[in-house]
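Listed below are the residues making up each chain.
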Amino acid sequence: MSNLNKLYDPVIKAHQANPYHFKKIANPQFTVKSYNSLCGDHYDLYVDIQDGRISSIHFYGQGCAISMAAASVLAQTLEGKKIEEAVQLSKLYLDLLTGIIPGSIAPDEFNAFTAVISFPERFECATLVWAELNKFLQGK
Amino acid sequence: MSFPVVDIKSHFPIFQHHPDLIYLDSAATSQKPQSVIDALTNFYEKENAPIHRGLYPLAAQATNRYEQVRKEVAAFIGASQPQSIAFTKGTTESINIVAQSFLKNKLQPGDNVVITHMEHHANLIPWQQICLLKNAELRIIPINEKGDLELEQIGTILDRKTKLIGVVHVSNTLGTINPLEKIIEFAHALQLPVLVDAAQSISHYPIDVTKLNPDFLVFSSHKMFGPMGTGVLYAQEKHWNEIHPLNYGGGAIKNVTLAETLHKEYPYNLEAGTPNVAGVIGLGAAINFIKKLDLNETSVYVEMLGSMLVEKLQNENGFHVLGSPDKRTGIISFYHKTIHPHDIASFLGNANIAVRAGHHCTQPLLNTMGISSTARASFSIYNTKEDVDKLINALRELKKFWVQ
């Protein structure tokens, strides 16, 4: 069971049970869609940007505990950040989970997801929304 | 019931290498008995040679063995002519051949192709794509909330513009066993060809094409204890000269000049290039393995394991079984009200229980039922009642893990 306890870090379980800003938004400024064609998980990120700063992120969709927690941590972490900061943070998150950089320089909430490195079949669950948002922000 | 599972399990070396493995993913691919693995090794060790062109003894023997399997496959499904059997890469390719090489050229704008709402993507996308190309319509026989086809609607769905019906024998998601006889009888009354996808049924259910009378029957070797990458297309004789090559190349020709080519006839026109000879010989070994079982017994056995799981899941708080069809094989999709199927499958995987989680390549079906994915347990002859108990126990542990 220890493997599973690593995969489902308390941070992940807490975010899954009570995801941050998990609700449909009627008229968002931007909607960033992510869809995992392998399993059917799908999320919409509702992003508002003002003066080069992400003023709010909400999200809604369906997926496993890891994808839900990943989206929740994303919303909580990136809200209020400048676009450049958000790009950097999402790159940091993705690099951390691909094992390119060590955990020591990443926030604790990011480190909670590093167990997917040894569960490659769950890698997409943890990275999909982050990768889509990173792509979106790079185009801004 | 008395079924010699212990003895059967000993034929599958995977369980010697993974003694604690509870394999409940046979609907995705079955495990392979030693005799099939030996047939592959034996061919490559002792018999490897090209077929249909070598004039030396080894090549003649390989050709004989390959063609012998064609006869064995035909006999296995009750077809009187071996040349009704074409070897393909699998169910998906077999269906694509019928869509691309048989139906596409006949399809006119305004025509329609009819399939059911429970087809997996392999029996949906090939039809959908040729319909889009030809401005034809893809019509769907709906299912009810139990997961049975609404056959009373078939009369309003089929019409003079219908060109083919594609129907799955056993649903890979719901486990529903469809009443093929009824559908084929109805279609033939309107002189419509019917393609039956037997991918999920061929390993556990007796199929006799002479009695059942489908125009086309397709299945994969790897879901019936045989090797991957090999499959079968059965076609009735009246369609042979309407099935054109899908792939062009050597081995499927009578005469070639730089300007034109005279192709061989069905089924040889579909087998261009060097085919998967070892795979076909492995399929032959798989059929010999199945022939030692009684398919009337195996079908009852997997159904029994399925209903046992359904019954137990119904007593587990929070779990739901998808559908309740009138006749169901040992393929059970289930979900939990709050725990996502992926989290179920990861947990079970950690407990050495292999189940599938996802949309099972039946997205439209799951969308209709209002969910995006399920966990699925599918049974085969090497599973036992103890496997069901262990699954249920693991699901109870899963609930403890998630419900603080």
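On a predicted model such as this, the values are computed, not experimentally measured, just so you know.

Chemist: What am I meant to see in the pairing of strand E7 (residues 216–220) of chain B here?
Modeler: Successive residues of a regular strand alternate their side chains across the two faces of the sheet. Residues and elements named next belong to chain B. Within E7, five of the five residues are buried, which leaves it mostly tucked inside the rest of the structure. The side-chain alternation of E7 yields two buried faces, one formed by Phe-216, Val-218 and Ser-220 and the other by Leu-217 and Phe-219. Across three bridges, the pairing between strand E6 (residues 194–197) and E7 is parallel. Bridging from a neighbouring strand, Leu-195 pairs with Phe-216 of E7. Where E7 and strand E8 (residues 231–235) come together, five bridges link them in antiparallel fashion. Bridged to Ser-220 within E8 is Gly-231.

Chemist: Looking at this structure, how should I read empty space enclosed by the protein?
Modeler: Remark: the empty space left among the atoms is shown by a probe the size of a water molecule rolled over them. Enumeration over the complete set of coordinates arrives at three cavities of 30 Å³ or more. Within this model, the largest cavity holds a volume of roughly 100 Å³. Lining the largest cavity are 14 residues, and of these Ser26(B), Gln200(B), Ser203(B), His204(B) and Phe379(B) sit closest to its centre. Taken together, the residues of the lining of the largest cavity break down into five nonpolar, eight polar and one charged. A volume near 50 Å³ is recorded for the second largest cavity. Contributing to the lining of the second largest cavity are Ser34(A), Asn36(A), Asp41(A), Tyr43(A), Ser67(A), Glu124(A), Cys125(A), Leu128(A) and Val129(A).

Chemist: How do you make sense of the packing of aromatic side chains when you look at a structure like this?
Modeler: Working definition: an aromatic ring pair is given by the centre-to-centre distance plus the angle between the planes. Scanning the entire structure with this criterion turns up 24 aromatic pairs over all chains. Plain terms: the ring middles of Tyr8(A) and Trp402(B) are 4.7 Å apart, the flat faces sit at 75° to each other, and that makes the pair edge-to-face. On the criterion of chain membership, the pair formed by Tyr8(A) in the loop between helix H1 (2–7) and helix H2 (10–17) and Trp402(B) in helix H14 (residues 385–402) is interchain, its members lying in two chains. For the pair Tyr8(A) and Trp402(B), a shared accessibility class is recorded, and that class is buried. Here Phe12(B) and Tyr382(B) contribute two aromatic rings whose centre-to-centre distance is 4.8 Å and whose plane-to-plane angle is 70°, an arrangement assigned as edge-to-face. One end of the pair, Phe12(B), is in the loop between helix H1 (5–9) and helix H2 (14–17); the other, Tyr382(B), is in the loop between strand E15 (374–378) and H14, with 370 residues separating them in the sequence. The class of Phe12(B) is buried, set by a relative accessible area of 0%. Taken together, the ring pairs in this structure connect Phe12(B), Phe15(B), Tyr23(B), Phe225(B), Phe289(B) and Tyr382(B) into an aromatic cluster. Positioned above the aromatic ring of Trp402(B) is the side chain of Lys13(A), whose terminal nitrogen or guanidinium carbon lies 5.4 Å from the ring centre. Across from the ring centre of Phe15(B), 4.9 Å away, lies the NZ or CZ of Lys9(B), which sits over that ring.

Chemist: So what exactly am I meant to see when it comes to the sheet that holds strand E3 (residues 112–116) of chain B here?
Modeler: Two orientations exist for strands paired in a sheet by backbone hydrogen bonds: parallel and antiparallel. All names here are of chain B. An order of E2-E8-E7-E6-E5-E3-E4 is seen for the seven strands of this open sheet, with the pairing classed as mixed. If you trace the sheet from one side to the other, it starts and ends with strand E2 (85–88) and strand E4 (137–141), each paired once. Ignoring which end each strand starts from, the neighbouring axes of this sheet average 20° apart. Across four bridges, E2 lies against E8 in antiparallel orientation. Paired with Ala-86 across the strands is Leu-233, a residue of E8. Most of the contacts of helix H6 (residues 125–134) go to E4, to which it runs at about 145°, and overall it touches E3, E4, strand E5 (162–168) and E6.

Chemist: How should I be thinking about the state of the cysteines in this particular structure?
Modeler: Think of a disulfide as a covalent bridge from one cysteine sulfur atom to another cysteine sulfur atom. Residues and elements named next belong to chain A. What the rule picks out here adds up to zero disulfides over all chains. Cysteine Cys-125 remains unbridged, with the sulfur of Cys-64 as its closest cysteine sulfur at 3.8 Å. Given the relative accessible area of 4%, Cys-125 is considered buried.

Chemist: Quick question: what am I supposed to make of the layout of surface pockets here?
Modeler: All names here are of chain B. Empty space within the largest pocket amounts to approximately 440 Å³. Lining the largest pocket are 19 residues, and of these His-169, Ile-177, Asn-178, Glu-181 and Lys-327 sit closest to its centre. Among the secondary structure elements, those contributing two or more residues to the lining of the largest pocket are helix H8 (180–189) and helix H9 (209–212). Of the residues belonging to the lining of the largest pocket, the class tally is nine nonpolar, three polar and seven charged.

Chemist: Sorry if this is basic, but what is going on with the side chain of Asp215(B) here?
Modeler: All names here are of chain B. Topologically, Asp-215 is positioned in the loop between H9 and E7. The exposure class assigned to Asp-215 is buried, which follows from its relative accessible area of 1%. Within the local environment of Asp-215, its side chain forms a polar contact with the side chain of His-188, the two groups lying 2.8 Å apart. Excluding residues that lie within four positions of it along the chain, Asp-215 makes contacts with His-188, Leu-192, Pro-193, Val-194, Tyr-234, Ala-235, Gln-236, Lys-238 and His-239.

Chemist: Would you take a moment to explain the interface of chain B and chain A for this structure?
Modeler: Many analyses report the size of an interface as the accessible area lost when the parts associate. Chain B puts 15 residues into the contact, and the matching count from chain A is 21 residues. Together chain B and chain A conceal approximately 1600 Å² of surface at their shared face, both sides included; 52% is due to carbon and sulfur atoms. The largest share of the area that chain B buries against chain A comes from Asn350(B), Phe401(B) and Trp402(B), three residues that together contribute 33% of it. Where chain B meets chain A, there are one salt bridge. A salt bridge links Asp343(B) to Arg122(A), with the nearest nitrogen and oxygen atoms 2.9 Å apart. Among the secondary structure elements, those contributing two or more residues to the side of chain B that touches chain A are helix H12 (341–350) and H14 of chain B.

What counts, and where the lines are drawn
Residues numbered from 1 in each chain as written. Chains lettered and ligands numbered in written order. Predicted model: local features only at pLDDT ≥ 70, side-chain atom pairs only at ≥ 80, totals over all residues. Heavy atoms only, no water. Buried < 20%, exposed > 50% of the residue type's maximum accessible area, 1.4 Å probe, protein only. Helix = DSSP H or I, 4+ residues; strand = E, 2+ residues; numbered from the N terminus. Pairing = 2+ DSSP bridges. 1 Å grid on protein atoms, 1.4 Å probe; cavity = no way out; pocket = protein on both sides within 12 Å on 5 of 7 lines; lining within 4 Å. Points joined across faces, edges and corners; volume = space filled by probe spheres on them. Nonpolar A, V, L, I, M, F, W, Y, C, P; charged D, E, K, R; others polar. Phe/Tyr/Trp six-rings, centres within 6.5 Å; stacked < 30°, edge-to-face > 60°. Lys NZ or Arg CZ within 6 Å of the ring centre and 35° of its normal. Axes fitted to C-alpha atoms, helices over the stretch in contact; angles between N-to-C directions. Contact = heavy atoms within 4.5 Å. Disulfide = S-S within 2.5 Å. Polar contact = N/O pair within 3.5 Å; in protein donor to acceptor, adjacent residues only side chain to side chain. Buried area = accessible area lost by both parts, 1.4 Å probe. Salt bridge = Lys/Arg side-chain N within 4 Å of Asp/Glu carboxyl O.

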